[in-house]
Amino acid sequence: MSLLKVMDLYVSYGGIEALKGISFEVEKGDIVTLIGANGAGKSTTLRAISGLVPIKDGTITYDGNVISGQQPQQIVAEGLCMVPEGRRVFPNLTVLENLKIGAYLRKDDIEADIEHVYKLFPRIKERSWQLAGTLSGGEQQMLAVGRALMMRPKVLMMDEPSLGLAPLIIKNIFEIIQTLHEEGITILLVEQNANAALRCADKGYVLETGRITMQGTGHELLNDQRVKDAYLGASAK
């Protein structure tokens, strides 16, 4: 049974249909990526799963239970956490305070989790008492991932984690994604960097104007000429 299942999902903004009946599944322990152009519906999909936008129709099931219609905090408590596009750290709080906010629903001791985040991201450990707004873009992305990890997610949803980052930082972010995968965290990844996303993905889906038009393993999509032409650039041909 799939850990996360999206069935016939429709989402509208005003009179505009952003998602037009998409369906996909995420198996436990997998990295699944959604790729597509701007406006294809990738971020809307994550926001719908997270309870941040209302769905018009369809069903979202997590671990056998229907979660569509639940409040965002209920969904986070279930174990689905999102790293939002644009980092959205709290700029006037320190790195450590941002991490503690990530664990706001927990009642147990969080010190071991803070140390785990610092082990994954030594650079933010060095800046633990620094205001988050003074960090570089790459450091803020590391902090955003670390903050989500503080809830011990079973499914980590990542919205454009490489957006606006230098190539070396992007490489580091995808190494961290692989590390989290090896730790057993299921990952649903939205990415415009289709090449990097498909290389690490167990399965991928291509979204175009609110519909899934292609699906397959990461390797299959990486070698599909239609995907190469549309998303991977001339160097992939």
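That block above? That's the structure.
Residues numbered from 1 in each chain as written. Predicted model: local features only at pLDDT ≥ 70, side-chain atom pairs only at ≥ 80, totals over all residues. Heavy atoms only, no water.

A.B. asks: Explain helix α4 (residues 111-120) here, please?
C.D. replies: The α-helix advances 3.6 residues per turn, and as a result positions three or four apart in sequence lie on the same side. What α4 keeps buried is the set Asp113, Ile114, Val117, Tyr118 and Leu120. Mapping the buried residues of α4 onto a view down its axis gives an arc of 160°, with all of them on the same face. Among the exposed residues of α4, those oriented more than 90 degrees off its buried face are Ala112 and Lys119. Structurally, α4 contributes buried residues whose contacts are with α3 (95-102), α5 (122-126), α6 (137-149) and α7 (167-182). (Buried < 20%, exposed > 50% of the residue type's maximum accessible area, 1.4 Å probe, protein only. Helix = DSSP H or I, 4+ residues; strand = E, 2+ residues; numbered from the N terminus. Arc of directions from axis to C-beta. Contact = heavy atoms within 4.5 Å.)

A.B. asks: Would you mind showing me how to read the sheet that holds strand β5 (residues 65-66) here?
C.D. replies: Read from one edge to the other, the open sheet built from 4 strands follows the order β2-β1-β4-β5, with strand pairing classed as antiparallel. Two strands close off the open sheet at either side, each with one partner strand: β2 (16-26) and β5. Of the pairings in the sheet, the one linking strand β4 (residues 57-62) to β5 comprises 2 bridges and is antiparallel in character. Across the sheet, residue Thr61 finds its bridge partner in β5, namely Val66. (Pairing = 2+ DSSP bridges.)

A.B. asks: What am I meant to see in the pattern of salt bridges here?
C.D. replies: A full pass over the atoms with the stated rule returns 10 salt bridges. Among the salt bridges present, the one from Glu17 reaches Lys56, with a minimum N-O distance of 3.7 Å. Taken as a pair, Glu17 in strand β2 and Lys56 in the loop between α1 (42-49) and β4 lie far apart in primary sequence, 39 residues in all. By relative accessible area, which is 57% here, Lys56 ends up exposed. Close ionic contact of Arg152 with Asp113 constitutes a salt bridge, the shortest N to O distance being 3.0 Å. One end of the pair, Arg152, is in the loop between α6 and β7 (155-159); the other, Asp113, is in helix α4, and 39 residues separate them in sequence. The structure contains a network of salt bridges with shared partners spanning Arg123, Glu126, Arg127 and Glu139. (Salt bridge = Lys/Arg side-chain N within 4 Å of Asp/Glu carboxyl O.)

A.B. asks: Could you clarify how one ought to interpret the environment of His116 in this entry?
C.D. replies: Along the polypeptide, His116 turns up in helix α4. For the pair His116 and Thr179, spaced 63 residues apart in sequence, the C-alpha to C-alpha distance is 12 Å.

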